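Fold and geometry: a report
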Amino acid sequence: MYMSVIINQMVVLFILMAVGFALGKTKILNPDSNKTLTKLILCIALPGTILNSVFDNDMSITIGETFFFLLMSFVTILIAFIVSVPIVRLMGGKKSNRGLLVFMSVFSNSAFMGIPVAIAIFDITAAFYASLFIFVWNIIVFSLGIVMISGKSGKFDAKILLNPAFITAIIAVPIALIGITPHMIITETVRIAGSMTTPVAMIVTGSILAYMPMKAIFSEWRIFPVTLLKLIIIPVVTWLIMRQILTNELQLGVIVLIAGMPIAAMAPMLAVEYDGNEPLASSGVFITTLLSGITIPLLVYFLLM
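Scope of this entry: the structure provided in the associated data block. (Residues numbered from 1 in each chain as written. Predicted model: local features only at pLDDT ≥ 70, side-chain atom pairs only at ≥ 80, totals over all residues. Heavy atoms only, no water.)

Note that side chains of opposite charge can pair when their charged atoms are close. A full pass over the atoms with the stated rule returns 1 salt bridge. Where Glu188 meets Arg191, a salt bridge forms, and the shortest distance between an N and an O atom there is 2.6 Å. A residue pair is termed a helical-turn pair when its members lie 3 or 4 positions apart in one helix, as Glu188 and Arg191 do in helix H8 (residues 184-194) at 3 residues. (Salt bridge = Lys/Arg side-chain N within 4 Å of Asp/Glu carboxyl O. Helix = DSSP H or I, 4+ residues; strand = E, 2+ residues; numbered from the N terminus.)

Have a look at this one:
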């Protein structure tokens, strides 16, 4: 049952990417429109997704438990950094691409796929833990992550932190702890805005792929060791370490599952926005999403069952 649910989720994502690919090939979407849609995601849709994950959450959890899981989420991302940085350095290649390759190894498709797949494999309570992980994910992605993708590590600009998604992630943490539930008009507006994130992001990713020669998707050999890192090595190492710390099986399951998700669909969006290598990022999303239909069920079966 789990495998069919996961495969169905992958198929949906690939259909959306195929739609974007067709729109790109027919010139309905072009690089300029992709950049505009990316701004829509970063400024409206993704903040909506973040807020929607914390509004009206009835799960009973203490402040101490919440902060502990937030800390474990940070440790999970730190583990991925520690594993991936030396391996990416050994690959060589252009220095400007190394930050992006580390980004691709570390950051999973936690929002677009993590929450629905976690709910399908565990239950609805997994959504809250996945949302807490995404708080930490967003804070790091929209600060250090942007620096990594832009390749301007020596010229950090504090203005990067003033993007809507980062600010929303900061605001969402106290909302989750206090348990604020705004008026239905606000929550419904946020829900509808957030619902744009997955389809628009995957369509834009497909459109970006449409402007690449198909052979270019598989031409960069470094994609393959990064794929192995992202889908197998990092989640296994995460499981080996975190199972010594986490006694709650649901918390451990959510963390390992998200660690094994494909490369964040946000990677090509941010590459477009911050002048990174968008073909490399799109190739990574395409290949890891395709292969995750095999690797995620295997990780769940061998590590979490």
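Evaluation of the coordinates by the stated rule reveals 6 aromatic pairs. With a centroid separation of 5.7 Å and an interplanar angle of 80°, the aromatic rings of Phe14 and Phe286 are classed as edge-to-face. You can see Phe14 sitting in helix H1 (residues 2-25) and its partner Phe286 sitting in helix H14 (residues 278-304), a full 272 residues away along the chain. There is no split in this pair, since Phe14 and Phe286 are both buried. Taking 5.1 Å as the distance between ring centres and 90° as the angle between the ring planes, the aromatic pair formed by Tyr301 and Phe302 counts as edge-to-face. Each member of the pair, Tyr301 together with Phe302, is exposed. Here a set of aromatic residues connected by ring pairs shows up, and it is made of Phe81, Phe103, Phe107 and Trp137. (Phe/Tyr/Trp six-rings, centres within 6.5 Å; stacked < 30°, edge-to-face > 60°. Buried < 20%, exposed > 50% of the residue type's maximum accessible area, 1.4 Å probe, protein only.)

Looking now at the environment of Leu299. Among the structural elements, Leu299 can be located in helix H14. What makes Leu299 buried here is its relative accessible area of 10%. Once the C-alpha coordinates of Leu299 and Val173 are considered, the two residues, 126 residues apart in sequence, prove to be 29 Å apart. Apart from residues lying up to four places away in sequence, Leu299 is in contact with Leu231, Pro235, Val236, Gly260 and Leu304. (Contact = heavy atoms within 4.5 Å.)

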